[in-house]
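Coordinate inspection notes
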Amino acid sequence: MSKRLIVAIDGPAGAGKSTLARRVAERIGAVYIDTGAMYRAIALWAIRQGIPCDDHHRLESLTNHARIEFLPGHGRIALNGEDVSSAIRTPEVATAASQVAAISGVRKALVTIQREIATHASVVMEGRDIGSVVFPDADIKIYLDASTDIRARRRAAELAEKQIQVDFNDLRQQIEERDSRDRNRAASPLLQAADATYLDSSNLSPEDVEEEILRIIRSKTSNGKVLVS
Ligand code: DC
């Protein structure tokens, strides 16, 4: 790849962003960054420290002191030197992450790290505000969506694979509440950037969505400077 490329993938919880972002990053030789994992890591630390999710001042300070690193391997993440990749995947942490993510000071600190990562590598970055706020000039912007029912079913299956048992209706309700908080907050709410391509993955296989995203990347980088294998 001769030019650094930024692919932004945004959308609500369970739309398939992580799977797709990881696959696309592998195909184009870019670094995969799961920004939700960063908000989850801060939320996990806050829970462990007993800091309430509405204590803006302490949470901002916690974020400024957090050492977040992406480890080699499929989107693994370390917080202050500890691999927390599994610990951040509980429904409790998901809810806390959505609350912590509404704090502008927390977002500011994490967005700085996200921008820094892309200064030395091509990235496929997924989250809620990547195409709208973090990289408004991203080369490719995708807004990935799916029906609430399908998203809840996918999340339930992911958690079951990790031996985390949840009641389906509770999970569906948690996802709806989280979406509503992520969409309606004042600081960088979840929204589709005006120039993002909307993809509904409800009735598509991950392979189909992957090919569609690669097609979009190719069509937008067809000046011969960027090679997508
Ligand atoms: O993608 P996820 O479910 O792991 O994200 C966890 C929470 O973090 C989500 O409810 C909203 C928040 N988030 C955010 O506000 N901005 C991002 N770029 C990524 C995630």
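Residues numbered from 1 in each chain as written. Predicted model: local features only at pLDDT ≥ 70, side-chain atom pairs only at ≥ 80, totals over all residues. Heavy atoms only, no water.

Of the regular secondary structure elements, the chain holds 9 helices and 8 strands. With the C-alpha coordinates of the chain rotated into their principal frame, the extents come out at 55 × 35 × 30 Å. Residues classed as buried in the chain amount to 50% of the 229 residues present. Pairs at least 24 apart in sequence give 73% of the contacts found in the chain among residues at least 6 apart. When the accessible surface of the chain is split by element, carbon and sulfur atoms take 49% of a total near 10,700 Å². Positive and negative side-chain charges in the chain, numbering 31 and 32 respectively, have mean positions lying 3 Å apart. (Helix = DSSP H or I, 4+ residues; strand = E, 2+ residues; numbered from the N terminus. Buried < 20%, exposed > 50% of the residue type's maximum accessible area, 1.4 Å probe, protein only. Contact = heavy atoms within 4.5 Å. Areas by Shrake-Rupley, 256 points an atom, 1.4 Å probe, with all protein chains shown as cover. Lys, Arg positive; Asp, Glu negative; His and termini not counted. Charge placed at Lys NZ, Arg CZ, Asp CG, Glu CD.)

Judged by pairing direction, the sheet is antiparallel, and its 3 strands sit side by side in the order β3-β4-β5 without closing on themselves. Edge positions in the sheet fall to β3 (68-71) and β5 (82-83), since each of these pairs with one other strand and no more. (Pairing = 2+ DSSP bridges.)

Take the layout of surface pockets next. Of the voids in this model, the second largest pocket is the one considered here, and its volume is about 170 Å³. When residues of the lining of the second largest pocket are traced back to their parent elements, those giving at least two are α1 (17-28), β2 (31-34) and β3. When grouped by side-chain class, the residues that make up the lining of the second largest pocket number 8 nonpolar, 3 polar and 3 charged. (1 Å grid on protein atoms, 1.4 Å probe; cavity = no way out; pocket = protein on both sides within 12 Å on 5 of 7 lines; lining within 4 Å. Points joined across faces, edges and corners; volume = space filled by probe spheres on them. Nonpolar A, V, L, I, M, F, W, Y, C, P; charged D, E, K, R; others polar.)

Attention now goes to the environment of I117. One can find I117 in helix α5 (residues 104-117). Judged by its relative accessible area of 14%, I117 is buried. Each C-alpha atom, one on I117 and one on V31, is 9.0 Å from the other, the two residues being 86 residues apart in sequence. Ignoring anything within four residues of it in the chain, the contact list for I117 reads I33, F70 and V123.

Our next topic: empty space enclosed by the protein. As enumerated under the stated definition, the model contains 1 cavity of 30 Å³ or more in all. Estimates place the volume of the largest cavity at around 40 Å³. Residue lining of the largest cavity: A8, D10, G131, S132, K141, I142, Y143, L191, Q192, A193 and A196, and that is the complete set. Those elements giving two or more residues to the lining of the largest cavity turn out to be β1 (6-10), α6 (130-134) and β7 (140-145). Here the element with the most residues in the lining of the largest cavity is β7; it accounts for 3 residues. When grouped by side-chain class, the residues that make up the lining of the largest cavity number 6 nonpolar, 3 polar and 2 charged.

A word on the packing of helix α2 (residues 35-49) against α5. Where α2 contacts α5, the two axes come as close as 11 Å, and the packing angle between them is 135°. Taken as axis vectors, α2 and α5 run oblique relative to one another. By crossing handedness, the relation of α2 to α5 is classed as right-handed. Packed against α2, whose contacting residues are T35, M38, Y39 and I42, the element α5 presents V106, R107, L110, V111, I113 and Q114 at the interface. Looking at the contact of α2 with α5 residue by residue, the classes come out as 7 nonpolar, 2 polar and 1 charged. (Axes fitted to C-alpha atoms, helices over the stretch in contact; angles between N-to-C directions. Parallel < 35°, antiparallel > 145°, perpendicular 65-115°, else oblique. Left-handed = near helix turned anticlockwise from the far one by under 90°.)

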